[in-house]
Protein chains: 2
Amino acid sequence: MTRLFADRMSSVHRSFVREILKVTENPEIISFAGGLPNPRYFPVQEVAHAAEEVLSQCGEASLQYSTTEGYLPLREMIAERYAKKGVKATASEVLITNGSQQALDLMGKVFLNKGDGVILERPTYLAAIQSFGFFEPVFHSVPLEEDGIDPQELERTLCKDESKLFYSVPNFQNPTGITYSRDKLKAVAEKLSERRTVFIEDNPYGDLRFIGEDGPSMKNYLGENAVLLGSFSKIVAPGIRMGWICACEEIMEKLIVAKQASDLHSNYLCQRILHQYLMDSDIERHIAKIRRAYKDQRDFMVHTMEETFPEDVSFTRPEGGMFLWATLPESMSSLHLFERAIKDKVAFVPGQAFYADGGGSNTMRLNYSNSDKERIFEGITRLAKAIKEEAS
Amino acid sequence: MTRLFADRMSSVHRSFVREILKVTENPEIISFAGGLPNPRYFPVQEVAHAAEEVLSQCGEASLQYSTTEGYLPLREMIAERYAKKGVKATASEVLITNGSQQALDLMGKVFLNKGDGVILERPTYLAAIQSFGFFEPVFHSVPLEEDGIDPQELERTLCKDESKLFYSVPNFQNPTGITYSRDKLKAVAEKLSERRTVFIEDNPYGDLRFIGEDGPSMKNYLGENAVLLGSFSKIVAPGIRMGWICACEEIMEKLIVAKQASDLHSNYLCQRILHQYLMDSDIERHIAKIRRAYKDQRDFMVHTMEETFPEDVSFTRPEGGMFLWATLPESMSSLHLFERAIKDKVAFVPGQAFYADGGGSNTMRLNYSNSDKERIFEGITRLAKAIKEEAS
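(A) Geometry of the sheet that holds strand S10 (residues 314-315) of chain B. Residue and element names in this part refer to chain B. Here four strands make up an open sheet; going across it, the order is S10-S11-S14-S13 and the pairing antiparallel. The open sheet is flanked by S10 and strand S13 (349-350), the only strands paired with a single partner. Across five bridges, the pairing between strand S11 (residues 323-327) and strand S14 (residues 363-367) is antiparallel. In the sheet register, threonine 327 faces S14, and the bridge partner there is threonine 363.

Right under this line is the structure:
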């Protein structure tokens, strides 16, 4: 007897990247494949202290059921941080989620009928393709240039199909490390004004800027038509699974209903621990420390690539975040290269996984946040050798 | 400009019960409305100790990203507990979820197309109606009798529509407190054999039995066509949001894909803390303590109702769990009664919320786990007075 699964299951599969990560679990492999923050900068002692404080001061309350919206003082802190960055948001516009990944699922639930349009950057964050994919939308990919997407191409896409959602990672994008310029942000905002398309600004890396100045949030241009996603995974730790959505009241009302049906509320004990940690520590100082460390690692990776990679391999120099993106000669398959590299015990993510509509077979994503200099040097040297061998 | 939400959002609303709970937040109100475990029995110190242990011994690891399936040693413990209860399950058949509520969402995602049939007990757990409702199924409600659903009615329902899912809470059901007899379980299993319908056995209260012997799991009759949901919310604490699904490999493969797209993985720090707690403590002894306490509270509530309620109000005497269910005279509306009772500062949940297809207007759910004897006596006495006034 064959089992009857939902139609949506035929188009979604286990993440290719997660399968790759399993291959790279072997500690002998130097992996630039994962998207892991460097655990050296997890505030372990501070979190331990916060847990002790919460459980000794309000143990029973922190272990009970709680509200769908999330712990109000934590939401207030998030709203206050937005205010400091010039983004107007109240605590009632903030919903706590299980990492920002859950925010994608909730946005899909609230907005997408089968066949609805979703605009993506090309390439884009793989797990967004997967998450929205469950709602069987039609994806429209708009090419990413060095400083954001091509606004003319966006205009053409919108004319064909005024899509419900436009998903973007405007700062230090995963996978490319690309950041929108101010001009591009403005141009995109212009194209979207007078449209009903909701712009999802996913900004998990925004705080990790090494160079240059923060750009404005799209909320400043689009107001209620911009929904902001944020995460504590990269600035505190991912194991606490704490992210959020910031949306206007009308959308928030729907998101709360969807969240309630999905899991009632996010982990309350960890919300309280996180809040206590943020009360007791100087998060901005902590972020500055991570930023310095990642800048060092990024500089060293870029430098090593400049020294060792063939000239016909180009790559981005991200202003922040955790990833850089390399483009091999057109004829070279990064999937083939991956197989060769694994034998030399070095790994990366072949880029084609990040294209919703195919392509990108000569691209690759490299993570620098989770490797120290020694391993970066050794891994990049091995990778350069593999590329040269693959070319010949 | 009106915003374009997904069609599914027009049929789902904020939980009526959650709205009621807001009314009852006033501490002057004696509330039998919530479904909260008694925080007095939360193992606060033990959880604090476990958190300290985890963060000092493996802090970095416990704060990092983790696998979608969940922490293997925790899944092994769950499989071992099943074995002790005579249910065969391996750790690879267990997926950790954010409470068992998320399990409902994942099951909906994996199985339900719009218009697919879902069989429910009548009445049933409200949040299941909500969670499955997002997938726009057709609900078929089969009346619940004193010892489980009516098997003949199930047969008629299956002949009309071989539904994809049958959702059941076989032990001390929420809202009614009803438990399936062995005969009823067998009869239901017989009707379902040779069918493709997947039986969802949601068993969050199963460990809280006061009287009698545990019945078998439907998995023992239906094998791979039974999916089991479990939760630590009632035996440890709900604030840690830890539940699980136990399903055969073919279904598990799909559930993992759905979980990955939903939120990557459940809160890892709390998985590790829970595991540590279960290692260091005697959970069975802890459960026995909760069981004794709830039995006392249930006995006292039943006794007080017997003494004070008019004779034409009937109610269940649950063998375990957290709720009992009262049926008022046919002509009396529990919604009206609720309004009157709130003025007298006592609350319950009017029963109609638990009917997917309407009805139940003279029923009500009463929770006894979250009130001590003094409040039970005072609240039930007030409620009896309100019922008598409503009757006259």
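(B) Structural view of the interface of chain A and chain B. Between chain A and chain B, the contact holds 84 residues from the first and 84 residues from the second. Of the roughly 7500 Å² buried between chain A and chain B on both sides combined, carbon and sulfur atoms contribute 57%. Considering only the surface of chain A that becomes buried against chain B, A:Arg3, A:Leu63 and A:Tyr65 emerge as the three largest contributors, covering 10% of it. A:Lys109 is paired through a salt bridge with B:Asp105; the nearest N and O atoms lie 2.6 Å apart. At the surface where chain A touches chain B, the tally comes to 38 residue pairs in polar contact (both at pLDDT 80 or more).

(C) Molecular detail of helix H5 (residues 126-133) of chain B. Among the eight residues in H5(B), eight count as buried, and that is most of the element. Taken together, the buried positions of H5(B) are occupied by B:Leu126, B:Ala127, B:Ala128, B:Ile129, B:Gln130, B:Ser131, B:Phe132 and B:Gly133.

(D) Broad picture of the side chain of B:Glu121. Residue and element names in this part refer to chain B. Note on placement: glutamate 121 falls in strand S3 (residues 117-122). One buried charge, glutamate 121, has no salt-bridge partner; the nearest side chain with opposite charge is lysine 184, at 11 Å. Within the local environment of glutamate 121, its side chain forms a polar contact with the backbone nitrogen of valine 169, the two atoms lying 3.4 Å apart. One polar contact links glutamate 121 to glutamine 173, side chain to side chain, over a distance of 2.9 Å.

Thresholds, definitions, all that
- For every chain, the first residue of the written sequence is number 1, and numbering continues from 1 along that sequence.
- To label them, take the chains in the order written and letter them from A, then take the ligands in the order written and number them from 1.
- Confidence filtering applies because this is a predicted model: local features only for residues at pLDDT of at least 70, side-chain atom pairs given and counted only at 80 or more, and all residues used for totals across whole chains, interfaces and linings.
- Just so you know, side-chain values use all the structure's heavy atoms and leave hydrogens and water out.
- At least two DSSP bridges between two strands are needed for those strands to be called paired.
- Note on conventions: DSSP H or I runs of at least 4 residues are helices, E runs of at least 2 residues are strands, and numbering of each starts at the N terminus.
- Residue contacts are counted whenever heavy atoms from the two residues lie within 4.5 Å of one another.
- Simply put, the buried area is the total loss of 1.4 Å probe accessible area from both parts when two parts are fitted together.
- Any carboxyl oxygen of Asp or Glu within 4 Å of a side-chain nitrogen of Lys or Arg constitutes a salt bridge here.
- Polar contacts, as counted here, are pairs of nitrogen or oxygen atoms within 3.5 Å of one another; within protein the pair requires one atom able to donate a hydrogen and one able to accept it, and residues that are adjacent in sequence qualify only if both atoms are side-chain atoms.
- Summary of the burial criterion: residues with accessible area below 20% of their type's maximum are buried, those above 50% are exposed, and those between are partly exposed, where the area comes from a 1.4 Å probe applied to protein chains only.
- The charge count includes Lys and Arg as positive and Asp and Glu as negative, but it does not include His or the ends of the chains.

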